[in-house]
Amino acid sequence: MIAFFVKRFFQAVVVMFVISLISFSIQDNLGDPLRELVGQAVSEEERQALRDEMGLNDPFLVQYVRFAKKAVQGDLGDSYFFKKPAFEVIMNKLPATLELVFGATVIIILFSVPVGVYSAINPQSWFSKTVMGLSIIGISIPVFLTAIGLIYLFAIELNWLPSYGRGETSTVMGWETGLLTVDGLQHLILPSCTLASIMLPLFIRLIRSEMMEVLQSEYVKFAWAKGISPRRIYFVHALKNTMLPVITVGGVQIGTMVAYTILTETVFQWPGMGFLFLEAVNRVDTPLIVAYLIVVGAIFVVTNTLVDLIYGLVNPTVKLAGK
């Protein structure tokens, strides 16, 4: 286990270095940040003086080394628009994004596992065929179109749920959340369902295909021959071995959902990191853009590490690290 952590630590350092280098290198292609800072009334001489003061005219390597020295200390620069540390601005928006990803993950787990298992056990039933047809449609529909459809049906026509914003929140130990208020939960339903619609069809089809493959394995046939109850065969012998590849894909996809929240948060005006990122792009707030990319990259690294640890809990025969 120690060898695994040491190996993953060095891998994480390399990955974060590459992410930071790529993120920092694209900032020159996003536009001139002074355009948003000083407007059009400032002369060109004053602009150049300000660029020299901010270090924007320094060579790329000099700028990156200066940025990297501060980044290892947790300083990702100051946002041009908010006039505050970019990392602090990101952390203020992170709870809303994680709350949205959590809601989508709960929906995916609650629906994909029972539906996928049932479709594998009864592949010829009308329900299974309907689910497979709808899953193809679900994968093909863009997330923003799903969001617009849900808003039109449940917010405009039926007037059951709110269509934008985060709603009422409460603070627990410094963590702002809407999960503990009725209004917050109502605001969370539509964006969570929209975000879940991206991954839900994928997980249903994945669980179904893996479950059907496991049910054809020799040890499952042997369990049937021993007279073990169908419930134990399906949900202990078969499902447990089905979940290993599902966890593999799920860990990566949950990290991916953090990036996918950009469109969902934009449509629903959800005050999270994705919505903040688009605002930063429009304002050419390069420190905030770089900070967002690095934070999302770190979430990917942490998520993949946790997935590897879960491997050992689901299947103890999986070795996290060799000699």
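Here, the structure is the one placed above.
Residues numbered from 1 in each chain as written. Predicted model: local features only at pLDDT ≥ 70, side-chain atom pairs only at ≥ 80, totals over all residues. Heavy atoms only, no water.

Q: Tell me about the side chain of Glu-265, and please be specific about residues and values.
A: For Glu-265, the location among the structural elements is in helix 10 (residues 230-268). Of the buried charged residues, Glu-265 lacks a salt bridge, with Lys-93 as the closest side chain of opposite charge at 8.8 Å. Within the structure, Glu-265 has its side chain in polar contact with the side chain of Thr-97 (distance 2.9 Å). With sequence-adjacent residues up to four places away left out, Glu-265 is seen in contact with Thr-97, Leu-100, Trp-270, Gly-272, Met-273, Gly-274 and Phe-275. (Helix = DSSP H or I, 4+ residues; strand = E, 2+ residues; numbered from the N terminus. Buried < 20%, exposed > 50% of the residue type's maximum accessible area, 1.4 Å probe, protein only. Lys, Arg positive; Asp, Glu negative; His and termini not counted. Salt bridge = Lys/Arg side-chain N within 4 Å of Asp/Glu carboxyl O. Polar contact = N/O pair within 3.5 Å; in protein donor to acceptor, adjacent residues only side chain to side chain. Contact = heavy atoms within 4.5 Å.)

Q: Quick one: what's the story with the layout of surface pockets, residue by residue and with numbers?
A: Of the voids in this model, the largest pocket is the one considered here, and its volume is about 490 Å³. Looking at the largest pocket, it is lined by 17 residues, and the ones nearest its centre are Met-54, Lys-70, Gly-77, Tyr-80 and Pro-287. Those elements that provide at least two residues to the lining of the largest pocket are helix 4 (60-71) and helix 12 (286-314). Among the elements that line the lining of the largest pocket, the one with the most residues is helix 4, at four residues. For the lining of the largest pocket, the class distribution of residues is eight nonpolar, five polar and four charged. (1 Å grid on protein atoms, 1.4 Å probe; cavity = no way out; pocket = protein on both sides within 12 Å on 5 of 7 lines; lining within 4 Å. Points joined across faces, edges and corners; volume = space filled by probe spheres on them. Nonpolar A, V, L, I, M, F, W, Y, C, P; charged D, E, K, R; others polar.)

Q: Which residues make up the nonpolar core, and what values do they have?
A: Of all hydrophobic cores here, the largest spans 50 residues; its most connected members are Phe-67, Ile-90, Met-211, Met-257, Met-273, Leu-288 and Tyr-292. In terms of residue count, helix 5 (residues 86-121) provides more of this core than any other element does, twelve residues in total. Apart from the residues within four sequence positions on either side, Tyr-292 is in contact with Ile-90, Val-258, Ala-259, Ile-262, Met-273, Gly-274 and Phe-277. (Core = buried A, V, L, I, M, F, W, Y, C linked by side-chain atoms within 4.5 Å.)

Q: Account for the packing of aromatic side chains, with residues named and values stated.
A: Taken as a whole and judged by the stated rule, the model has ten aromatic pairs. Look at Phe-17 and Tyr-64: their rings are 6.2 Å apart centre to centre, the planes differ by 70°, and that puts the pair in the edge-to-face class. Placement of Phe-17 in helix 1 (residues 2-25) and of Tyr-64 in helix 4 is noted, with a sequence separation of 47 residues between them. Phe-17 gets classed as partly exposed once you look at its relative accessible area, which sits at 45%. Taken together, the ring pairs in this structure connect Phe-17, Phe-24, Tyr-64 and Phe-67 into an aromatic cluster. Above the plane of the ring of Phe-81 lies Arg-283, whose end atom (NZ or CZ) is 3.6 Å from the centre. (Phe/Tyr/Trp six-rings, centres within 6.5 Å; stacked < 30°, edge-to-face > 60°. Lys NZ or Arg CZ within 6 Å of the ring centre and 35° of its normal.)

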